[in-house]
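Examining the three-dimensional arrangement
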Amino acid sequence: QVQLVESGGGSVQAGGSLRLSCAASGYTYSRYCMAWFRQAPGNEREGVATIDSKGRTSYADSVKGRFTISKDNAKNTLYLQMNSLKPEDTAMYYCAAARWDGLALNPVMFTYWGQGTQVTVSS
């Protein structure tokens, strides 16, 4: 059925960049809300960025100006470009898909989740 597989995580020094990818199967990204979340140990899952079927986007204040969410509908792949990374960006990053269209950063509104990819930013 639906599978979301993240890739692109790793370790990077502060100020560096990473691009995360989320490849979907059994699901069509183009129709629905998609988002990236992150969760550090001891913290709640935090919405980072979201995108709707029209390509409209919304971001958490903590990442505005540094992160960019995008998608390639033909490849059914979601991306998160992360620039100017900070140690506080260290977390497990998850992609998520809803079964409705819009913009949301609340994890309870999403149906499908990837397994996560670790991002570690060192000072």
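Throughout what follows, the structure given in this document is the object of discussion. Along each chain, residue indices are assigned from 1 in the same order as the chain's sequence is written. Per-residue local features are limited, in this predicted model, to residues with pLDDT of at least 70; the limit for side-chain atom pairs, both in listing and counting, is 80 or more; totals at the level of whole chains, interfaces and linings are taken over all residues. Calculated side-chain values reflect all of the structure's heavy atoms, with hydrogen atoms and water omitted.

**Structural notes on the sheet that holds strand E7 (residues 67–72)**
Read across the sheet, 4 strands follow the order E1-E3-E8-E7 without closing on themselves; strand pairing throughout is antiparallel. Edge positions in the sheet fall to strand E1 (3–7) and E7, since each of these pairs with one other strand and no more. Between one strand axis and the next, the sheet turns through 15° on average, direction left out of account. At least two DSSP bridges between two strands are required for those strands to pair. Segments assigned H or I by DSSP are reported as helices when at least four residues long, segments assigned E as strands when at least two residues long, and all are numbered from the N terminus. Pairing of strand E3 (residues 18–25) with strand E8 (residues 77–82) involves 6 bridges; the strand directions are antiparallel. Bridging from a neighbouring strand, Leu18 pairs with Met82 of E8. Axes here refer to lines fitted to C-alpha atoms; in helices the fit is confined to the stretch in contact. Angles between the N-to-C directions go from 0 to 180 degrees.

**A closer look at the packing of aromatic side chains**
Only Phe, Tyr and Trp rings are paired, with Trp represented by its six-membered ring, and only when their centres lie within 6.5 Å; those with planes under 30 degrees apart are stacked, over 60 edge-to-face, the remainder tilted. For the structure shown, the criterion picks out 5 aromatic pairs. When the centroid spacing of 6.5 Å and the interplanar angle of 80° are considered together, the rings of Tyr94 and Trp113 count as edge-to-face. One end of the pair, Tyr94, is in strand E9 (residues 91–97); the other, Trp113, is in strand E10 (residues 112–113), and 19 residues separate them in sequence. Per-residue accessibility, obtained with a 1.4 Å probe over protein chains only, is compared with the maximum for each type, and a residue is labelled buried under 20%, exposed over 50%, and partly exposed between these values. In this structure Trp113 comes out as partly exposed when scored by relative accessible area, which is 26%. Note on Phe110 and Trp113: the rings are 6.4 Å apart at their centroids and 70° apart in plane angle, and the pair reads as edge-to-face. Following the ring pairs from residue to residue traces out a cluster consisting of Phe37, Tyr94, Trp100, Phe110 and Trp113. Remark: a charge is flagged as sitting over a ring if the NZ atom of Lys or the CZ atom of Arg is within 6 Å of the ring centre and within 35 degrees of the ring normal. The ring of Tyr94 has Arg45 sitting right over it, with the charged end atom 4.0 Å from the ring centre. Residue placement shows Arg45 over the ring face of Trp113; its charged tip is 4.8 Å from the ring centre.

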